[in-house]
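# A structural walkthrough
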Amino acid sequence: MRMRFKPYARAELLAADFHIHDPFHLQGQWHAQFARPAQPMMLELGCGKGGFLSQLAAAHPENNYLGIDITDKVLILAKRKIEAAYAAAGRPIDNVRIMSADIERIGHLMTPADTVSRIYINFCNPWSKNASSNKHRLTHPRQLIQYRAFLADGGEVYFKTDDDDLFRDSLGYFPAAGYEILWQTADLHDPEPDWNIRTEHEGMFTEMGIKIKALIARKLPGDESVTWVEPKRRAQPDEAPEHAADPAGGAE
Ligand SMILES: C[S@@+](CC[C@H](N)C(=O)[O-])C[C@H]1O[C@@H](n2cnc3c(N)ncnc32)[C@H](O)[C@@H]1O
């Protein structure tokens, strides 16, 4: 269901000191945005209404969390859920930040100095209407290679989705982008791991009877582990064909 424009959202977000107003000036300074900068930093990409982020961050003061979404329409709900979760826990909101940004441009936001220990990607848009849209997927190798710049060697990506095609393709995307898949399941709720926190979309898809697919991948060190080649252009008739390692069978 399409969400309505919320004219009050920007002003309310700007009044929250855990909302990052101007992220593009913070390259190399992300750890310093938290009360305890030495703690591990974790990202949620496409945090939506914030049910997952608010519960996770409030329960783990030993980590710092940054939630990113492209639209204020959902971030405003995340802001309110974070306030409620921390009030319930009786804790100051000192280890979570949220911001509005396009994750496809995350390479302009974060540098290797902004080392991230873990990335969560929950129910990102599947972009599966046609093959040319796949490159917008947050698990597409184009994205996973961007994350390598700031994800620690050995850092993990936790990925959940309802979408069979996106999950199948992602099982190829991760190895092609230099990640090893440590664990995977075709039914996250049978049995449900004790670390799982259900997101808003997870609840909705589960009610519809759709099984939740999930994996945990670990970044391998060294760019030689990356086999993905961006198919930038078609080979000219007199050129040898480029061999793009495209696990999805031509995602450009
Ligand atoms: C299907 S919703 C899932 C929300 C939440 N993670 C959940 O599981 O309930 C996908 C979210 O990703 C966000 N999103 C999609 N593409 C994005 C992008 N390129 N940059 C930032 N956010 C994006 C959308 O705005 C939306 O809130």
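Rules and cut-offs
- Residues numbered from 1 in each chain as written.
- Predicted model: local features only at pLDDT ≥ 70, side-chain atom pairs only at ≥ 80, totals over all residues.
- Core = buried A, V, L, I, M, F, W, Y, C linked by C-beta atoms within 7 Å.
- Buried ≥ 20, exposed ≤ 12 C-beta atoms within 10 Å, placed from the backbone.
- Helix = DSSP H or I, 4+ residues; strand = E, 2+ residues; numbered from the N terminus.
- Contact = placed C-beta atoms within 7 Å.
- Near = placed C-beta within 6 Å.
- Expected span 1.5 Å × (residues − 1).
- UniProt positions renumbered as here; feature names shortened; annotations may be inferred.
- Pairing = 2+ DSSP bridges.

### A look at the nonpolar core
- Leu43, Leu45, Ala78, Ile119 and Ile121 are the most contacted members of the largest nonpolar core, which has 56 residues in total.
- Per-element tally for this core: the top contributor is helix 3 (residues 72-89), with eight residues.
- Other than its neighbours up to four places away in sequence, leucine 45 contacts Ile68, Ile103, Ile119, Ile121, Cys124 and Leu138.

### With respect to the site of the ligand
- The environment of the ligand is made up of 19 residues, and the closest members are Gly46, Gly48, Ile70, Thr199 and His201.
- Residue assignment for the shell around the ligand shows that the elements contributing at least two residues are strand 3 (64-69) and helix 6 (200-207).
- Per-element accounting of the shell around the ligand gives the leading share, three residues, to helix 6.

### Let's talk about helix 3
- Here helix 3 spans 25 Å end to end across 18 residues, near enough to the 26 Å set by a 1.5 Å rise per residue.
- Of the surrounding secondary structure, the elements contacted by the buried residues of helix 3 are helix 1 (9-14), strand 1 (19-20), helix 2 (51-59), strand 3 and strand 4 (96-100).
- Note on helix 3: the residue one or two positions beyond its end, glycine 90, has a positive phi of about 65°.

### A few points about the UniProt feature "binding site: S-adenosyl-L-methionine" (unreviewed entry) in the protein
- With numbering matched to this structure, UniProt assigns "binding site: S-adenosyl-L-methionine" (unreviewed entry) to Glu44, Asp69, Asp102 and Asn125. The largest pairwise C-alpha distance within this set of annotated residues, which runs over 82 residues, is 14.1 Å, so the set is compact in three dimensions.
- Looking at the element boundaries, aspartate 69 is found in strand 3.
- Taking the number of C-beta atoms within 10 Å as the measure of exposure, aspartate 69 has 24 and is therefore buried.

### Quick look at the UniProt feature "binding site: substrate" (unreviewed entry) in the protein
- With numbering matched to this structure, UniProt assigns "binding site: substrate" (unreviewed entry) to Lys129 and Asp162.
- In this fold, lysine 129 is placed in the loop between strand 5 (116-122) and helix 4 (141-148).
- Taking the number of C-beta atoms within 10 Å as the measure of exposure, lysine 129 has 8 and is therefore exposed.
- With respect to the helices, strands and loops of the structure, aspartate 162 is situated in the loop between strand 6 (151-161) and helix 5 (164-176).

### Here's the deal with the sheet that holds strand 8 (residues 213-219)
- The strand order across the open sheet built from eight strands is 1-4-3-2-5-6-8-7, with neighbouring strands paired in mixed fashion. Of all strands in the sheet, those bounded by a partner on one side alone are strand 1 and strand 7 (179-185).

### Here's the deal with helix 2
- For helix 2, the full list of buried residues reads Gly51, Phe52, Leu53, Ser54, Ala57 and Ala58.
- Check the buried side of helix 2 and you find it contacts strand 2 (41-45), strand 3, helix 3, strand 4, strand 5 and helix 6.

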